[in-house]
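# Examining the three-dimensional arrangement
So you can see what is in the structure, the chains are spelled out below.
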Amino acid sequence: METLTKIAYKETKGLTTNYPFILPNLDYKYDSLEPSIDRTTMEIHHTKHHATYINNLNNAIKGTEIETKTLGEILENISSYSPTIRNNSGGHYNHSLFWKLLSPYKTTISDELIHDITTTFGSFDKFKEEFKDEALKRFGSGWAWLIINEFEKLQIISTPNQENPLMDITNVKGYPLLCLDVWEHAYYLNYQNKRNDYIIAFFNIINWKEIDERYRKFKK
Ligand code: MN3
């Protein structure tokens, strides 16, 4: 348990913002991820869905002692807080990370991370296949993740609703490298029920540069 907490702690200690939480700007335009993710989906997802999680989170903690807690402290002690705080702090963290992991430009992966992925999953294609399967089998709403687990190994997991591997309630904790939103609001306008096609398209817009930076930050 000690190692496990330490792994997740590497991320949570960097989450130093606290109340009032604000909507982060995107590093790209809403239409720049087309055709993989359409402009309308991106705009609604960012300005409505993500913004609502933030408003709900701020409203839930306003005037309470949680106002002084950082986002990292809230997530790692999430079992102490209400379902409203759990859903909305998770929603805020997960989306803030997700936006950074998308890129309109093709990015390359470092040799070190490719080597680690290939060693862990057999090949890069097998990694993609396993990630896709995990994202597909997540019933209802949730997220798929590539994390560094308690044994400092790469692992693919999924979480329900807005839970994430930094929360003390999740089965597998770890340091997130990659995440994919598989809530229907993330793809339904363009893909309807075809979550499979959305996941395949997602692989075209992954910001591997950002993932490499997260990977190196962890290894330090
Ligand atoms: Mn979402």
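Conventions used here
Residues numbered from 1 in each chain as written. Predicted model: local features only at pLDDT ≥ 70, side-chain atom pairs only at ≥ 80, totals over all residues. Heavy atoms only, no water. Helix = DSSP H or I, 4+ residues; strand = E, 2+ residues; numbered from the N terminus. Salt bridge = Lys/Arg side-chain N within 4 Å of Asp/Glu carboxyl O. Buried < 20%, exposed > 50% of the residue type's maximum accessible area, 1.4 Å probe, protein only. Domains from an automatic or database assignment. Contact = heavy atoms within 4.5 Å. Buried area = accessible area lost by both parts, 1.4 Å probe. Polar contact = N/O pair within 3.5 Å; in protein donor to acceptor, adjacent residues only side chain to side chain. Expected span 1.5 Å × (residues − 1). Arc of directions from axis to C-beta.

## Things to note about unusual backbone geometry
Looking along the chain, the bond that leaves Tyr19 and enters Pro20 is cis, with omega of -5°. One can find Pro20 in the loop between helix 1 (2-12) and helix 2 (39-61). Residue Glu34 is joined to Pro35 through a cis peptide bond whose omega torsion reads 5°. Looking at the secondary structure, you find Pro35 in the loop between helix 1 and helix 2. Its identity is not glycine, yet Asn161 carries a phi of approximately 55°, on the positive side. Within the element layout of this structure, Asn161 appears in the loop between strand 2 (154-160) and strand 3 (175-181).

## As for the pattern of salt bridges
Following the criterion strictly, the structure yields four salt bridges and no others. Of the charged contacts, one joins Arg39 and Glu43 as a salt bridge, the two residues approaching to 2.5 Å between their closest N and O atoms. Taken together, the residues Arg39 and Glu43, both in helix 2 and four residues apart, mark about one turn of the helix. For Glu43, a relative accessible area of 30% translates into the label partly exposed. In this structure, the salt-bridge partner of Glu134 is Lys137, at a minimum N-O distance of 3.3 Å. Residue Glu134 and its partner Lys137 are located together in helix 6 (residues 124-137), separated by three residues, close to a single helical turn. Residue Lys137 is classed as exposed on the basis of its relative accessible area of 60%.

## Some thoughts on the domain arrangement of the protein
Partitioning the protein into domains gives domain 1 (4-21 + 38-100) and domain 2 (111-219). Look at where the C-alpha atoms of domain 1 and domain 2 centre, and you get two points 19 Å apart. Facing the 30 residues of domain 1 at the interface are 34 residues of domain 2. In total, domain 1 and domain 2 occlude about 2,600 Å² of area from one another, counting both sides; carbon and sulfur atoms represent 65% of this. Scanning the region where domain 1 abuts domain 2 turns up one salt bridge. On inspection of domain 1 and its partner domain 2, the count reaches twelve residue pairs in polar contact (both at pLDDT 80 or more).

## A look at helix 9 (residues 208-219)
With twelve residues, helix 9 extends 16 Å between its outermost C-alpha atoms, agreeing within 8% with the 16 Å of an ideal straight helix rising 1.5 Å per residue. Among the residues making up helix 9, those that are buried are Trp208, Ile211, Asp212, Arg214, Tyr215 and Phe218. For helix 9, the arc enclosing every buried residue in end-on projection is 160°, short of the 170-degree limit, so these residues lie on one face.

## Some details on the environment of His50
Among the structural elements, His50 can be located in helix 2. Residue His50 is classed as buried on the basis of its relative accessible area, which comes to 0%. In this structure the C-alpha to C-alpha distance between His50 and Ser80, which are 30 residues apart in sequence, comes to 23 Å. Apart from residues lying up to four places away in sequence, His50 is in contact with Leu23, Pro24, His45, Gly91, His92, His95, Ser96 and Trp99. A polar side-chain atom of His50 sits 3.0 Å from a polar atom in the side chain of His92.

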